[in-house]
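Fold and geometry: a report
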Amino acid sequence: MSTELPKTYDPTATQAQAHQIWDDAKAFHAEPTDFGQPFAIVIPPPNVTAALHLGHALNNTLQDILTRWRRMAGDNAVWLPGTDHAGIATQSVVEKRVLKEEGKKRTDFKREDFIAKIQAWKDEYEAKITSQLKAMGCSCDWDRQAFTMDLPRAKAVREAFFQLFKDNLIYRGKRLVNWDPATQTALADDEVEMEEIDGHFYYLKYPIHSDDVASPPEYITVATTRPETMLGDTAVAINPKDPRADQLRGKFVRLPIVGRIIPIIEDDYVVLPDPNSEDAKARFASGFLKVTPAHDPNDYELGQRHNLPVINVMAPDGTISNQHGWTDTGAADFVLGQDRYEARRAIVDWFKTNKLLEEVKPYRHSVGHSYRSHVPIEPYLSDQWYVKVTDDRLAGAALRAMAPEERITNTDPSKWQGQLRFYPTRYAKTFQTWHENIRDWCISRQLWWGHRIPVWSFSEDVAVDTKTDIELSGLIQKLLALEMEGRIALQHAPRKTETAAVELHNSFACVRSEGDTDAIATLASLGFKQDPDVLDTWFSSGLWPLSTLNWPSQTPELQKWNPSTVLCTAREIITLWVSRMVMFNLYFRDCLPFTDVFIHAMIQDGEGRKMSKSLGNGVDPNDIIESHGADAMRFTLTLMTTNTQDVRMPVVAGCPHCGQPLPLESKSADVIPCPACGKKVTSPGPGKSGTEDAPLPKNTSPKFDVGRNFCNKLWNATRFALGHLQSIPAEPVDESKWSLVDRWILSRLAHTVHDADDALKSYRFDAYGKACYDFFWRDLCDWYIEAIKPALRDPTRAGQISNILTACLDAALRLMHPMIPFITEIIWAKLHEARPNRELPNRLAAANSPTIIRAAWPTMDDALTSEGAEFVFTRLQELIGVVRNIRSKSNIPDRDKVEVSISTTGDANRQIEANRAVIELLANCTLKEIGPDLKASATAAIGQAAGCDIYVQAAEGKVDVEAEKQRLTKDRDAKAKQVETMRARLANPSYAQKAPANLVQQTRDQLAAAEAECARLEEQLARL
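I will try to describe carefully the structure that is included in this document. (Residues numbered from 1 in each chain as written. Predicted model: local features only at pLDDT ≥ 70, side-chain atom pairs only at ≥ 80, totals over all residues. Heavy atoms only, no water.)

1. Things to note about the overall build of the chain
Regarding its fold elements, the chain presents 30 helices and 36 strands. With the C-alpha coordinates of the chain rotated into their principal frame, the extents come out at 115 × 70 × 65 Å. Each of the 1024 residues in the chain was classed as buried or not, and the buried ones make up 54%. The contacts of the chain with a sequence gap of at least 6 include a subset with a gap of at least 24, amounting to 75%. Split by element, the accessible area of the chain, about 44900 Å² in all, is 50% carbon and sulfur. Distance from the positive charge centre (120 side chains) to the negative charge centre (138 side chains) of the chain: 3 Å. (Helix = DSSP H or I, 4+ residues; strand = E, 2+ residues; numbered from the N terminus. Buried < 20%, exposed > 50% of the residue type's maximum accessible area, 1.4 Å probe, protein only. Contact = heavy atoms within 4.5 Å. Areas by Shrake-Rupley, 256 points an atom, 1.4 Å probe, with all protein chains shown as cover. Lys, Arg positive; Asp, Glu negative; His and termini not counted. Charge placed at Lys NZ, Arg CZ, Asp CG, Glu CD.)

Okay, structure coming up:
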C-alpha cells in the first residue's frame, strides 16, 4: 500500500474511508467492564419532528470532541444517542400533514390508528436524524441508541410515575393552567414564551346594581386588555385605599351582556390609578379590576381569597362556549361559538353600541405564547396531573446540588451536594432562580402521542350497580392487597361509608406494570377507567440519564455511567430539561445525573436572528458537509464556540455543486452558471424546485471556508512531509543534534498540548481550536517546515529532522482528531505506515495504534518546554517579519534576494550570527553585516525588531525611493498623532492628577516610546 496521499483532498472519499475504519473496529462501542475511568455523555435527544439543523451540528460536534478526547485519554467513554418523541410538536406536524393529504382530522381516526401514522413519521425522521449524526462524525455508541417511547424507556417512565405517585408527589388538581388553544393541551410554566405585542386597554362601564329602577344608573369603569373574558366575571375589585372604596363597600354591579349580579370587593392587589406613575399599569389603571377567576391566574388567587365562583366561558379550542361550566349566558348568544379574538371585537362593539365603552388606549405588553404552536396561551381552568416539584425532596435537592460558589446558601451536606457546576457560570443563576421560585409542574397533556398516564379513576359511565356490596367489598379488599404487594398505588382509596355504601368517587389507582392485567381487570370491575391523557414530553426526557442505561434495572451500565460526566446543551432548556433531570436523578438514585453542565451559544444569522425555515436563513448541516466536508464544518463551529452569548454566521446562497457563494442579487434568468465551478444553478423563486442538471442553491456561509482551507492545508502539508519521509531512513533520536528551530517547535508543541488540555477541561472549545490552528498552520507549516527544507535534503541532518517532523505531525494529528476526525484518521494511517515508530524517547510517548480514534492522547515531557529557545526564535521571527514586511511594501518580488544589515545591541549579535542560515532562508536575504552602531545607506529601507535596526538594501533599482518616502511619511504622521493625543491626556489635570498612578506612568512610558519612534522616522526621512 502506498503511503502517498492523493494529490487533492476529497472530503467525501475521506469520510467514507474513515467510517469504514471505525465500523470495522467497532470503535464507538464501550462496555462497563472496559478499562478506564467512566466518562459518559447523554445526547440531548433531537425531536423526531424534522431533520437536524446547524444548532444540532454545533451541539453534537462539541459532545463528540469531548467523547473522542476522553476516549483517547484512556477513559471508559460512552456517548449515549437517542431521539425524543416530542409529543405536542410531532402530533401537530402529523395532524397538519394528514389534514393536507387526506382531508381528515385526528378525531376522524381511532386513537391507535392515528398513533400508527405518527409512528411512521417517527421512523422516517429518526432514520434521517441518525444518518445526519453519522455524517457529522458523531462517535455515539449506536448499539445503545434509545427512543423516549421504546420499551426500556416506557418501563422507566412507568416506574418513575409509580414511585412519585406512591410518595404523594404526583396529584390531581383543578386549577388554572397554561392552555394552548391550537394544540388543545395544557403547558407547563416553562413551556410558555413571553412576547411583546401591540394591544389595547379597553375601558368598560359596569352599572352599579340598584333596586331603585327609577333613578338613572351609576357606573364604575373597569380597564382590561381581554374584554372577551368579562363574560366570566364574578366580582369587581377595588383597592381599600382608593377614596371611592368607602361609598362602594357592600354594593354590587350588574355584569353587562350576561346580567349577572356580582359584588364589589376590596383587595390590596388592585393597582391604584396614577396617570403620572412610571408604572405602566398604574398609568392605565381605572382603579377597578374585573375579576375573572377562570381566565386569569392573578384573578384566580384573588377569587380564592374572597371565595368567589369560578366560571369558565371557553371551550378547549379558545371559542366562547356555554358547554364547559357556564349556564347564565344572558344575552351572550351572539358570541357563542366565536373565536376568542372574534368575540373580543364583537363584545367591544356591543359596549360601544350600548354607550358603555368609555375609551380605548393602545398598550404594548408582554403576552405568554406556546413554545410549540406559538399562539397566545389562554389561562384555563382544568383538571390536570401535577408533580409536586415544590417539595424539598425535588426543588430543594436541586438547589443543594449546586456548587458552593454558584449558590447563595449551601447547607445539608451529602455526597452529591455542591457538585453541580455550570459553564459559563452565569447560567447557574438561571438554574437557582428557577428552583427558588418553582411552581408545581403540570405533567398531563391532552394528546394521543406520548406515554399514557397510568392512573385509573372511577367513571360514572361504567355500570357497577349490579354488583352486591359483598362483591364490591371483595374487589376493594383485592385492591388493598395489590397495594400491599406493591403492584398498585392508591390515592383516596375506595372505602365503605357510614351507611355501608361503597365510596368510589375521587379514588385514583396507579398500576405499576403495563402488563399487570389482573390489577387492570380488578379496577375495571370496580368501574375504573384509565386516564386518556399522556405525560408531558419532558417527563420522559427528565429520566434520560437513567432510562438510557435501562433504569429501573440495576444494570452494570447504570452503575458505571450514572452519574454521567457532562451535559452539553442550550440555555433555553435549563428549566425545561436540565432541572427535571437533576431532580429525578437525585430522587430516584440519590446521585446527580451529571456533574458539569456546559451551555453553548446559539447560532444566529449575520443579522442576529435565530435561524429558521420561515425566515429562509436556516442552514442544513448536510449542505455544508456536501460543499465543504464534515471536518470543515466541525472545525469552523469549534472555533466559533466562545463563551459569549451567541454566534453570528452570515448566511448566503451557495452553489449546490461546489458550495461557493452565488451572486443571486443580480440574477435575471431562471438558470445561471456558478462563477466558481461553471455548473448550472436554478435561481430561487416562488414555486421553483430546480432540476437535476440545475438544482436550487443551498444556504451556506463563507465562515466555513476557514475550515475547508485548514483541512486543505493539513492535507497538503502532510503530503509534502510524507513525500520526504519515504526517502529518509529512520535513525535513533539524538537530542544533541537538535537545532534551535528543533527545540523551538517541540517547545511550541508542548505548550500546545498543555493549552489544549486546559481548554477542553474548562469547555473553552474556541481556545482548543485556536491552539491547534496556531500550532499546525503558523508554527509547524509557516515556520518549521520552511526552515527545515534544506535539511531534509542533507543526508547528514535529514534523519534527525525527520524524527522531529514525524513526532510533531503525530502529536498534532492526535490533538486535532476530536475536532476533525475524518481527515486525521486517514492521514494517520498513511503516517503510521510511512514511519511506524514516531516516539521521542522519554519526551513524547509513542501511539502505535493503527487507528487514531484509539490512539493515546499526546502527553509531553515538561523538559521539552524551552523558554530560551522560544525567546530566541521569537526574536528571529520578528526580524524576519520586518524584512518580509519591507519587501512587501517596497514591491520587491519574493524570488529576489536582498542584502540585510542588522545593527544589534546586547547578546542579539551572537543569537543572530548563530542562526544566520535560518534568517537568510526564511527572509530570502543575504546578511551583509551584523554588529553594533551600523549605519544605513541612503537608499536602504529601515525597520526595527527585537531591539535592532534592520537595513534592507535591494539590488539596484529594486527599491522605490519615492514609495519608501510615502510609507515613512504615513508612519510618521500616524505616530505624531499618537504623540499629540498622549501629550493632551497628560496635560489634562483631571487625568494627570486623578487617574491611577500606574495608568499615568503607563501613558508617560508610551509617550516616550512614541516620541523616540517619531524621531527615528524623521531621521529616516531626512536620510532619504
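2. What to know about the sheet that holds strand 13 (residues 357–370)
Spatially, the 3 strands line up as an open sheet ordered 8-7-13, and their pairing is antiparallel. Where the open sheet ends on each side, the last strands, each with one partner, are strand 8 (219–224) and strand 13. Across the sheet, the axes of successive neighbouring strands diverge by a mean angle of 20°, strand direction being ignored. Here 6 bridges tie strand 7 (residues 192–207) to strand 8, and the two strands are oriented antiparallel to one another. For tyrosine 202, the partnering residue across the bridge sits in strand 8 and is threonine 224. Helix 9 (residues 340–353) contacts strand 7 and strand 13 of the sheet and is inclined by roughly 25° relative to strand 7. (Pairing = 2+ DSSP bridges. Axes fitted to C-alpha atoms, helices over the stretch in contact; angles between N-to-C directions.)

3. Thoughts on empty space enclosed by the protein
Where empty space is left becomes clear once a probe the size of a water molecule has been rolled over the atoms. Counted by the stated rule, this structure contains 2 cavities of 30 Å³ or more. Looking at the largest cavity, its volume works out to about 80 Å³. If you go around the largest cavity, you meet 13 residues; those closest to its centre are Asp190, Trp434, Arg439, Trp441 and Arg580. Elements represented by at least two residues in the lining of the largest cavity include exactly strand 16 (441–442) and helix 17 (574–589). When residues in the lining of the largest cavity are grouped by element, the largest group, 3 residues, is from helix 17. (1 Å grid on protein atoms, 1.4 Å probe; cavity = no way out; pocket = protein on both sides within 12 Å on 5 of 7 lines; lining within 4 Å. Points joined across faces, edges and corners; volume = space filled by probe spheres on them.)

4. Some points on the nonpolar core
Judged by nonpolar contacts, the single largest core of 205 residues is most densely connected at Phe161, Phe539 and Phe776. The element best represented in this core is helix 22 (residues 765–792), accounting for 15 residues. Look past the residues within four positions of phenylalanine 539 in its chain and what remains in contact with it is Val157, Ala160, Phe161, Leu164, Ile170, Val387, Trp441, Ile443 and Phe584. In terms of nonpolar packing, the next biggest core, distinct from the first, is built from 39 residues, Val177, Val236, Val258 and Ala346 among them. (Core = buried A, V, L, I, M, F, W, Y, C linked by side-chain atoms within 4.5 Å.)

Function cannot be inferred from these measures alone, as they are strictly geometric.
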